[in-house]
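So the chains spell out like this:
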Amino acid sequence: NYIKTTSTLNLSTYSAVTVLVIFKARSYPVSGNVKFICEFTTDFNSFQTGFVWTYNDNSVSQNYEVIASVKGDVGYNIGSWSKSNYNDLNWEISTAVFNKSAASPEVSLYNQGVAATVVSNPVGGGTSNNTNNFGNDYLFIGSRAGTNYFTDLDIASILVYNRALSAAEILQNYNAMRGRFSL
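Residues numbered from 1 in each chain as written. Predicted model: local features only at pLDDT ≥ 70, side-chain atom pairs only at ≥ 80, totals over all residues. Heavy atoms only, no water.

K.L.:
Give a description of the overall build of the protein chain that names residues and reports values.
P.N.:
When its secondary structure is counted, the protein chain shows one helix and 13 strands. Listing each helix as α and each strand as β along the protein chain from the N terminus yields β-β-β-β-β-β-β-β-β-β-β-β-β-α. Relative to its 183 residues, the protein chain shows a buried fraction of 47%. Within the protein chain, counting contacts between residues at least 6 apart in sequence, those at least 24 apart form 71% of the total. For the protein chain, the accessible area works out to roughly 8100 Å², and carbon and sulfur atoms hold 48% of it. (Helix = DSSP H or I, 4+ residues; strand = E, 2+ residues; numbered from the N terminus. Buried < 20%, exposed > 50% of the residue type's maximum accessible area, 1.4 Å probe, protein only. Contact = heavy atoms within 4.5 Å. Areas by Shrake-Rupley, 256 points an atom, 1.4 Å probe, with all protein chains shown as cover.)

This is the structure:
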């Protein structure tokens, strides 16, 4: 199963977006294809206005399992994190900040309110400093455009902000929500 927003999200006047997802994996694959947490556009590789957030991403030679990336007018800006940021089969309050107005890295990941340490950039050319805004498109949760890279997540909530939240705001969100999920 996957979720597609019922209408497009018009982010075309924003160069920064924050996505907070509260999810629990029903099973965590240790091998197999990449699984999508969310993607803004039908395939962000084909557009300069989208972003993607994946896990179990063994599509690169290194063993980075969480990848978030923007693609903009200059190219890709990619962050990668260890799967250890997610506790298998437990609720996660995870936040990705996609910020094209920031100097590289343009992507940050927070899990349980705390900034995750970027492992490295897994793909050459993934440090572009983009200058354009995001687009006007659908947000897909749990797949690429409802056609592949399906994930096995229970999703409790998804919040999309039209700006980059600060670390303090991300921690405030986590603290406000954590009791509902016994965290």
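Read on, since the account is not over.
K.L.:
Tell me about the pairing of strand S9 (residues 107-111), and please be specific about residues and values.
P.N.:
Burial analysis of S9 places four of its five residues in the buried class, which makes it a mostly covered element. Between the antiparallel neighbours S9 and strand S10 (residues 114-115) lie two residues, among them Gln112 with a positive phi of about 55 degrees. (Pairing = 2+ DSSP bridges.)

K.L.:
Any chance you could break down unusual backbone geometry for me, citing the residues and the numbers?
P.N.:
Backbone geometry places Gln112, a non-glycine residue, at a positive phi of 55 degrees. Structurally, Gln112 can be placed in the loop between S9 and S10. What makes Gln112 buried here is its relative accessible area of 16%. Positive phi values are uncommon outside glycine, yet Tyr149 reaches one of about 55 degrees. Accessibility expressed as a relative area gives 29% for Tyr149, which makes it partly exposed.

K.L.:
Could you give me a rundown of the sheet that holds strand S4 (residues 35-40), with the residues and numbers involved?
P.N.:
Sheet architecture is open: six strands sit in the order S1-S12-S4-S5-S6-S7, paired in antiparallel fashion. Each of the sheet's edge strands pairs with one partner strand only, and the pair in question is strand S1 (3-4) and strand S7 (76-81).

K.L.:
Report on the side chain of Thr18, specifying residues and quantitative values.
P.N.:
Of note, Thr18 is situated in strand S3 (residues 16-25). Of the residues examined, Thr18 reaches a relative accessible area of 0% and is grouped as buried. Separated by 2.7 Å, the side chain of Thr18 and the backbone oxygen of Arg163 make a polar contact. Leaving out residues up to four positions away in the same chain, Thr18 has contacts with Thr95, Ala96, Val97, Leu159, Val160, Tyr161, Arg163, Ala164 and Leu165. (Polar contact = N/O pair within 3.5 Å; in protein donor to acceptor, adjacent residues only side chain to side chain.)

K.L.:
Break down the pattern of salt bridges for me, with residues and values.
P.N.:
Overall, the coordinates contain three salt bridges when judged by the stated rule. Ionic pairing is found between Arg163 and Glu169, a salt bridge with its closest N-O pair at 2.8 Å. Three or more residues joined by partner-sharing salt bridges are found here, namely Glu39, Asp43 and Arg144. (Salt bridge = Lys/Arg side-chain N within 4 Å of Asp/Glu carboxyl O.)

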